[in-house]
Amino acid sequence: MSNLAKMKALTLNSTGTAMTEVEIAKPKPGDNEVLIKVIYSALDTSLANIAKRDMISSYIHDTKVEPLVAGYHFSGIVAAKGSSVSSFQADDRVFGHLQYEPTQRQGSFCEYIVMGENDIALVPTTHVSMEKAAASTTEALTALQSVRDLGRLRKDQSILIIGAGGGVGSAAVGIAKALGANVTAVCSTKDVKRVQRMGADTIIDRSTQDIKKLNEKYDIVVDAPSRYSFFIQGMKWLKPGGAFINTLPGLEKLVFGWLWPLITSKRLETVLVTSKKTDLELIGNMMANDQVPVDIDSIYKIKDFSQAWKRLDDGKKIGRVVIQVQDGW
């Protein structure tokens with residue numbers, strides 16, 4: 001094939017310690033797929049798992065594929081579409097994320113990706129930049145699918161959101177308030193004012209208060225950083241029939257998941273976020289109306305990926321680290 005069938009990509013080395021720019025085959029869209037020219041991507045914590053090729057990575061990516069291209073978030077423009085695609089046209093601005101699944105062989109740290117027609121959405125025309133769209137997807141969708149789908153949140157119910165200063169937690173605060181819930185948010189001192197602006201009804205500063213001693217009862221608990229035990233803390237915090245939702249599948253879910261329905265009406269759920277057109281459209285509208293906060297910490301060109309990776313891990317960032325792919329090599 002000619003050079004037109006190739007594209008630039010960043011690949012992880014076998015030890016997961018460095019990224020290398022290479023040329024790989026440019027994908028072609030199937031009948032129900034869209035070829036997307038990636039404009040921006042973003043970093044998330046899954047990068048560390050994929051780099052180490054650990055147990056969690058096996059649930060979200062095919063880490064045996066070579067070359068291994070990481071990255072999930074993206075915003076971009078439609079470069080081509082399959083014969084059955086009717087929702088999108090060439091040059092449409094779109095966003096979403098690659099699916100977190102064991103068969104995933106693509107990564108968004110490259111020039112082009114393909115996505116199913118029902119797995120992406122148009123970027124809103126007002127108040128949402130391409131950078132913000134790329135930064136939003138996994139965290140906002142994780143929050144939405146946790147609160148609305150797994151939590152089954154209804155108006156006037158109570159929800160405890162742990163990690164409200166982070167990306168998933170802050171989005172969960174905005175979504176829960178939009179759904180009419182009474183929100184108690186847990187965050188560190190540096191995030192208290194920001195979480196107040198999001199509309200949380202009650203704020204617990206975890207820097208000064210040990211939430212393990214919390215005696216309140218809630219309809220839903222969202223443990224965004226997955227730091228707490230369902231059996232030890234969650235059962236105490238939940239009302240009968242309530243849901244404790246975390247973002248990582250721990251032993252309580254993987255090994256003992258079968259046990260909980262036998263001994264309690266309280267549910268342990270782990271969210272595995274899915275990129276869906278309808279959910280992306282909802283999140284896009286909420287972003288356009290300032291109902292879901294999306295903070296961008298910094299933007300790095302893809303050629304400066306090593307600096308972006310350091311920023312992701314330095315513990316000082318506030319918001320998403322965004323990668324400029326187009327014109328960034």
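Residues numbered from 1 in each chain as written. Predicted model: local features only at pLDDT ≥ 70, side-chain atom pairs only at ≥ 80, totals over all residues. Heavy atoms only, no water.

A. Spatial organisation of the nonpolar core. Of all hydrophobic cores here, the largest spans 91 residues; its most connected members are M19, L43, L47, F109, I159, F305 and I323. Residues I211, L214, Y218 and V221 belong to the second largest nonpolar core, which totals 16 residues. (Core = buried A, V, L, I, M, F, W, Y, C linked by side-chain atoms within 4.5 Å. Buried < 20%, exposed > 50% of the residue type's maximum accessible area, 1.4 Å probe, protein only.)

B. Region of the structure containing the sheet that holds strand β10 (residues 202-205). With parallel pairing, the six strands of this open sheet are ordered in space as β10-β9-β8-β11-β12-β13. Strands at the two margins of the open sheet, each flanked by one partner only, are β10 and β13 (267-270). Averaged over all adjacent pairs, the angle separating strand axes in this sheet is 15°, with direction ignored. Both strand β8 (residues 158-162) and strand β11 (residues 218-223) contribute to a ladder of four bridges, which runs parallel. The partner of I159 across the bridge, within β11, is I220. Packing against the sheet, helix α4 (residues 167-178) makes contact with β8 and β9 (182-187), and its axis sits at approximately 165° to β8. (Pairing = 2+ DSSP bridges. Helix = DSSP H or I, 4+ residues; strand = E, 2+ residues; numbered from the N terminus. Axes fitted to C-alpha atoms, helices over the stretch in contact; angles between N-to-C directions. Contact = heavy atoms within 4.5 Å.)

C. The environment of D295, seen in detail. Assignment of secondary structure puts D295 in the loop between α9 (277-288) and β14 (296-301). With a relative accessible area of 30%, D295 lands in the partly exposed category. Residues D295 and I204 lie 91 residues apart in sequence; the distance between their C-alpha atoms is 21 Å. Not counting residues within four places of it along the chain, the set of residues in contact with D295 comprises R194, I318, G319 and R320. Engagement of the side chain of D295 in a polar contact is seen with the side chain of R194, the distance being 2.6 Å. (Polar contact = N/O pair within 3.5 Å; in protein donor to acceptor, adjacent residues only side chain to side chain.)

D. Examining the packing of helix α3 (residues 130-150) against α9 more closely. One can describe the packing of α3 onto α9 by two numbers: an axis separation of 9 Å at closest approach and a directional angle of 110°. Looking at the two axes, α3 sits roughly perpendicular to α9. When you trace α3 past α9, the crossing you get is right-handed. Note on element contacts: α9 touches α3 through D279, L280, L282, I283 and M287, opposite K132, S136, T137, A140, L141, L144, Q145 and R148. Classifying every residue of the contact of α3 with α9 by side-chain character gives seven nonpolar, three polar and three charged. (Parallel < 35°, antiparallel > 145°, perpendicular 65-115°, else oblique. Left-handed = near helix turned anticlockwise from the far one by under 90°. Nonpolar A, V, L, I, M, F, W, Y, C, P; charged D, E, K, R; others polar.)

E. Layout of the side chain of T270. Mapped onto the elements of the fold, T270 is located in strand β13. At 2.7 Å, the side chain of T270 and the side chain of N246 are in polar contact.

F. Examining the packing of aromatic side chains more closely. Tallied over the entire structure, the rule returns seven aromatic pairs. Between F109 and F305, the aromatic rings sit 4.9 Å apart at their centres with planes inclined by 65°, giving edge-to-face as the arrangement. Residue F109 is found in the loop between β5 (93-97) and β6 (112-116), and its partner F305 is found in helix α10 (residues 305-313); the two are separated by 196 residues along the sequence. Residue F109 shares its accessibility class with F305, and that shared class is buried. Linked through ring pairs, F230, F231, F244 and W260 together constitute an aromatic cluster. Cation over ring: K26 sits above Y112, and NZ or CZ is 4.3 Å from the ring centre. (Phe/Tyr/Trp six-rings, centres within 6.5 Å; stacked < 30°, edge-to-face > 60°. Lys NZ or Arg CZ within 6 Å of the ring centre and 35° of its normal.)

These figures capture arrangement, not role.
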